[in-house]
Amino acid sequence: MLRNCSLGDLNMRAITIRALCLSVALSVPIALAQDENMRRSYIELADRAYKMQQATQTFPGRRMTASDNPLPLPSAGLPSDFDVRYEWEGELYGIDEFNERTHSNALLILKNGKVVTEIYRNGSEPETQFISWSTAKSFTSTMVGLAIEDGYIESVEDDLTDYLPSLIGSAYEGVSIKHALQMASGVGWDESSYDFDDLSKPLAYQWENSIIRQRYRFIEGANRLIKETEPGLQFNYSTMESSILGWLVENASAQRLANYMEERLWHRAGMEFDAVWLLDGPSEIGREMAGGMLAASLRDFGRYGLLMLNKGKAGARQVISENWIEEATTPDSAAIDYGALYDDYPLGYGYQWWLFPDGRFEAQGLFGQLIYIAPDENVVIVKLSAWPEGVVEEMEFESYVFFEAVISALQDF
């Protein structure tokens with residue numbers, strides 16, 4: 001109230017108001033700079049195990065709520081001292097040593113849908129929302145399948161531009177949904193390393209300008225890319241491809257990816273905890289980072305593995321068709337066949353799934369996030385890690401040796 005005040009009082013109030021406005025104006029860029037620096041430092045090695053558990057405090061996101069009827073994960077009833085011995089480079093190790101050697105944050109072993117082992121490390125707990133990195137790509141693939149079953153998309157043989165006209169005139173014109181699912185679009189993209197300081201690499205450039213600085217959405221970088229080969233001829237791992245698939249589901253369904261996934265997958269598959277799709281910009285305009293930034297609990301990653309193991313069923317409910325699961329986990333061309341992806345690398349590729357010659361398959365993410373599915377033995381293993389580098393082949397293949405030892409130890413169970 002300004003009644004009964006002098007001119008001097010008014011001038012003083014004006015000065016105070018101007019000072020307050022100046023303070024607010026200065027504080028906004030400082031806060032934004034602090035947020036940007038926090039996002040940039042997230043990828044650094046320091047405190048990585050903790051950071052893998054705290055992504056939702058660093059990046060904006062959209063929440064998916066838990067199911068009202070979670071799929072039960074009963075105990076397998078094995079002894080509390082159950083252990084697995086495996087040999088690596090001439091030495092024998094157990095579960096605790098495996099977790100320490102390969103920087104596990106959490107480990108879940110399921111046999112016949114029951115919990116054999118559930119371990120949380122580095123301060124994590126059942127409610128912790130671990131960032132999945134590229135294991136999110138496999139979820140995005142499933143959402144494409146659900147969008148087809150719901151009639152939003154006609155077929156994987158359709159061109160991306162049938163649903164994403166913004167890509168007309170880009171290198172993705174003439175690329176089918178199937179080619180994008182199989183990472184065989186023919187569009188140039190170099191993801192051969194994860195040095196996020198090297199902005200000459202497309203992933204690092206997009207990470208800096210989209211995820212860190214939030215100047216534009218990640219998928220907008222698609223128009224900067226060039227065609228290198230005809231679609232279907234060569235596997236070329238690309239986070240851009242997965243991001244475009246998330247955009248495809250969003251456009252086709254006319255829903256935010258998180259909203260559609262919450263109703264169609266998260267609730268129906270009986271997920272126990274909330275999950276968060278992290279965004280490539282502020283919540284009002286950011287898109288879900290479909291290529292690698294879903295944050296969820298260890299148990300719910302396990303439930304997703306069971307969904308795939310059980311050919312699309314969560315309990316008695318058929319969430320996604322058995323035909324889609326079969327199609328998504330089969331390499332159907334020379335470009336993605338077993339051993340064709342990289343030199344001396346035995347895996348093949350499906351619809352955003354890594355495939356083993358023995359019929360097993362996995363979702364795989366940066367810094368050691370693994371959802372390993374062995375249909376032949378009814379086993380799912382989820383390992384969430386904090387590797388010192390994005391890709392550590394020694395830890396990856398030691399993990400596979402450990403997984404094989406687990407499966408052998410559980411054969412009579």
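Up top you'll find the structure we're talking about.
About the criteria used
- Residues numbered from 1 in each chain as written.
- Predicted model: local features only at pLDDT ≥ 70, side-chain atom pairs only at ≥ 80, totals over all residues.
- Heavy atoms only, no water.
- Salt bridge = Lys/Arg side-chain N within 4 Å of Asp/Glu carboxyl O.
- Helix = DSSP H or I, 4+ residues; strand = E, 2+ residues; numbered from the N terminus.
- Buried < 20%, exposed > 50% of the residue type's maximum accessible area, 1.4 Å probe, protein only.
- Pairing = 2+ DSSP bridges.
- Polar contact = N/O pair within 3.5 Å; in protein donor to acceptor, adjacent residues only side chain to side chain.
- Contact = heavy atoms within 4.5 Å.
- Phe/Tyr/Trp six-rings, centres within 6.5 Å; stacked < 30°, edge-to-face > 60°.
- Lys NZ or Arg CZ within 6 Å of the ring centre and 35° of its normal.

K.L.:
I would appreciate a short explanation of the pattern of salt bridges in the present structure.
P.N.:
Side chains that differ in sign of charge can pair as their charged atoms come close. Per the counting criterion, the structure on display carries 25 salt bridges. Between Arg264 and Asp150 there is a salt bridge, with the nearest N and O atoms lying 2.8 Å from each other. Residue Arg264 is found in helix α8 (residues 257-266), and its partner Asp150 is found in the loop between α4 (136-149) and α5 (177-181); the two are separated by 114 residues along the sequence. Judged by its relative accessible area of 7%, Arg264 falls in the buried class. Under the relative-accessibility criterion, Asp150 is labelled partly exposed at 32%. Between Arg299 and Glu272 there is a salt bridge, with its nearest N and O atoms 3.6 Å apart. Pair noted here: Arg299 is in helix α9 (residues 298-309) and Glu272 is in the loop between α8 and β7 (275-278), with a separation of 27 residues, a long-range link. Overall, the relative accessible area of 18% leaves Arg299 in the buried class. Look at the salt bridges and you will find they share partners, linking Glu118, Glu272, Arg299, Asp300 and Arg303 into a network.

K.L.:
Looking at this structure, how should I read the pairing of strand β15 (residues 379-385)?
P.N.:
For a regular strand, side-chain orientation follows a simple rule: the groups alternate between the two sheet faces. Within β15, seven of the seven residues are buried, which leaves the element mostly enclosed by the surrounding structure. Residue alternation in β15 divides its side chains into two sets, Val379, Ile381, Lys383 and Ser385 and Val380, Val382 and Leu384, and both sets are buried. Note that strand β4 (residues 104-111) and β15 share seven bridges and pair antiparallel. Each residue of the ladder has a partner; that of Ile109, found in β15, is Ile381. Hairpin connection from strand β14 (residues 369-374) to β15: four residues lie between these consecutive antiparallel strands, with Asn378 at a positive phi of about 60°.

K.L.:
Would you mind going over the pairing of β7 with me for this structure?
P.N.:
In β7, alternate side chains face the same way, and those of Ala275 and Trp277 on one face and Val276 and Leu278 on the other are all buried. Note: strand β1 (residues 61-64) against β7, four bridges, orientation antiparallel. The residue of β7 that forms the bridge with Gly61 is Leu278. Here β7 pairs with strand β8 (residues 294-296) via two bridges, running antiparallel. Across the sheet, the residue bridging to Trp277 is Leu294, located in β8.

K.L.:
I would appreciate a short explanation of α8 in the present structure.
P.N.:
Each turn of an α-helix holds 3.6 residues, which means side chains three or four residues apart point in the same direction. Across the 10 residues that make up α8, a large majority, eight, are buried. Turning to α8, its buried residues number three or more, namely Leu257, Ala258, Tyr260, Met261, Glu262, Arg264, Leu265 and Trp266.

K.L.:
Honestly, the side chain of Glu288 in this entry has me stumped. Any pointers?
P.N.:
On the secondary structure map, Glu288 appears in the loop between β7 and β8. Of the residues examined, Glu288 reaches a relative accessible area of 6% and is grouped as buried. Side-chain polar atoms of Glu288 contact the side chain of Arg62, separated by 3.3 Å. If we skip the residues at most four places from it in the chain, Glu288 touches Arg62, Glu250, Arg256, Leu257, Ala258, Trp277, Leu278 and Leu279.

K.L.:
How do you make sense of the packing of aromatic side chains when you look at a structure like this?
P.N.:
Each aromatic ring pair is specified by the distance between its two centres and by the angle formed by the two planes. Under the definition given, this model contains 34 aromatic pairs. For the ring pair Trp189 and Phe218, a centre distance of 6.4 Å and an interplane angle of 55° mean the geometry is tilted. Pair noted here: Trp189 is in the loop between α5 and α6 (202-212) and Phe218 is in the loop between α6 and α7 (239-253), with a separation of 29 residues, a long-range link. Each member of the pair, Trp189 together with Phe218, is buried. Consider the rings of Phe356 and Tyr400, whose centres lie 5.1 Å apart with planes at 90°: the pair is edge-to-face. With Phe356 in the loop between β12 (354-355) and β13 (361-365) and Tyr400 in helix α11 (residues 393-409), this pair connects stretches of sequence that are 44 residues apart. Residue Phe356 is classed as buried on the basis of its relative accessible area, which comes to 9%. For the cation-ring pair, Arg101 lies above Tyr93, with the distance from its terminal atom to the ring centre recorded as 4.2 Å. Seen from the ring of Tyr205, Arg224 lies directly overhead, with NZ or CZ sitting 4.3 Å from the centre.

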